[in-house]
Amino acid sequence: MKINSIITFIFFLSLLSCEKHAKTTIIKGNIPNLPDGTLYIFKESMLNKLDSIPTSNGKFELKYKNQSNIPEYIGIFHIDKKNVKRVFGFPTNVPKWGSSVFMTDPLI
């Protein structure tokens, strides 16, 4: 009986000590020569804007909170004060290929 109590205690202790991963993705950058404007984060298409933040001197930091536990593909683009749109690409493992989206998984 003591063994079962000890095992149960250890099980509940391990459950309480588990750390929950944050569902926040931080997008931070310092892009030289990026004109002042607004950085947008989108999901699925650029028409589906999730959030935005102003950029100044090429610097920005945006925090996106994922509402579900499932990682999502999101992307970012920038519109300067002259209404010029810039889409950012990210390198992939496939040579000469890039992607304009990335995952919101906090482990990445």
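Reading guide: rules and limits
- Residues numbered from 1 in each chain as written.
- Predicted model: local features only at pLDDT ≥ 70, side-chain atom pairs only at ≥ 80, totals over all residues.
- Heavy atoms only, no water.
- Core = buried A, V, L, I, M, F, W, Y, C linked by side-chain atoms within 4.5 Å.
- Buried < 20%, exposed > 50% of the residue type's maximum accessible area, 1.4 Å probe, protein only.
- Helix = DSSP H or I, 4+ residues; strand = E, 2+ residues; numbered from the N terminus.
- Contact = heavy atoms within 4.5 Å.
- Pairing = 2+ DSSP bridges.
- Phe/Tyr/Trp six-rings, centres within 6.5 Å; stacked < 30°, edge-to-face > 60°.

What follows covers the nonpolar core. Ranked by size, the top nonpolar core spans 11 residues in total: I27, L34, L39, I41, F60, L62, Y64, I74, I76, F88 and F102. When contributions to this core are tallied by element, the ones reaching two or more residues are strand 2 (37-43), strand 4 (59-65) and strand 5 (73-80). The dominant element in this core, judged by the number of residues it contributes, is strand 4, at 3 residues. Residues in contact with L34, not counting those within four places in the same chain, are T55, N57, G58, F60, H78, R86 and F88.

Before going further, it helps to examine the pairing of strand 5. Across the 8 residues that make up strand 5, a large majority, 7, are buried. For strand 2 and strand 5, the ladder comprises 7 bridges, and the chain directions are antiparallel. Residue pairing for strand 5: Y40 is matched across the bridge by F77. Where strand 5 meets strand 9 (residues 101-103), 3 bridges bridge the pair, whose relative direction is antiparallel. Counterpart to G75 in the pairing with strand 9 is V101. Sheet topology places strand 5 next to strand 6 (residues 85-87); 3 bridges connect them, and they run antiparallel. Across the sheet, residue I79 finds its bridge partner in strand 6, namely K85. What sits between the antiparallel neighbours strand 5 and strand 6 is a turn of 4 residues, in which N83 has the positive phi angle 70 degrees.

Right, let's get into the packing of aromatic side chains. Applying the stated criterion to the full structure yields 2 aromatic pairs. Summarising the aromatic geometry, the rings of Y40 and F77 are spaced 5.2 Å apart at their centres and angled 20 degrees between planes, so their arrangement reads as stacked. Here the residue Y40 occupies a position in strand 2, and F77 occupies one in strand 5, the gap between them amounting to 37 residues. With respect to class, Y40 is no different from F77; both count as buried. With centroids separated by 5.9 Å and ring planes inclined at 45 degrees, the aromatic side chains of F42 and F77 adopt a geometry described as tilted. Taken together, the residues F42 in strand 2 and F77 in strand 5 connect sequence positions 35 residues apart.

Here strand 1 (residues 24-30) shows one buried face, formed by T25, I27 and G29, and one open face, formed by T24, I26, K28 and N30. Two elements, strand 1 and strand 4, share 7 bridges in a ladder whose sense is antiparallel. Counterpart to N30 in the pairing with strand 4 is K59.

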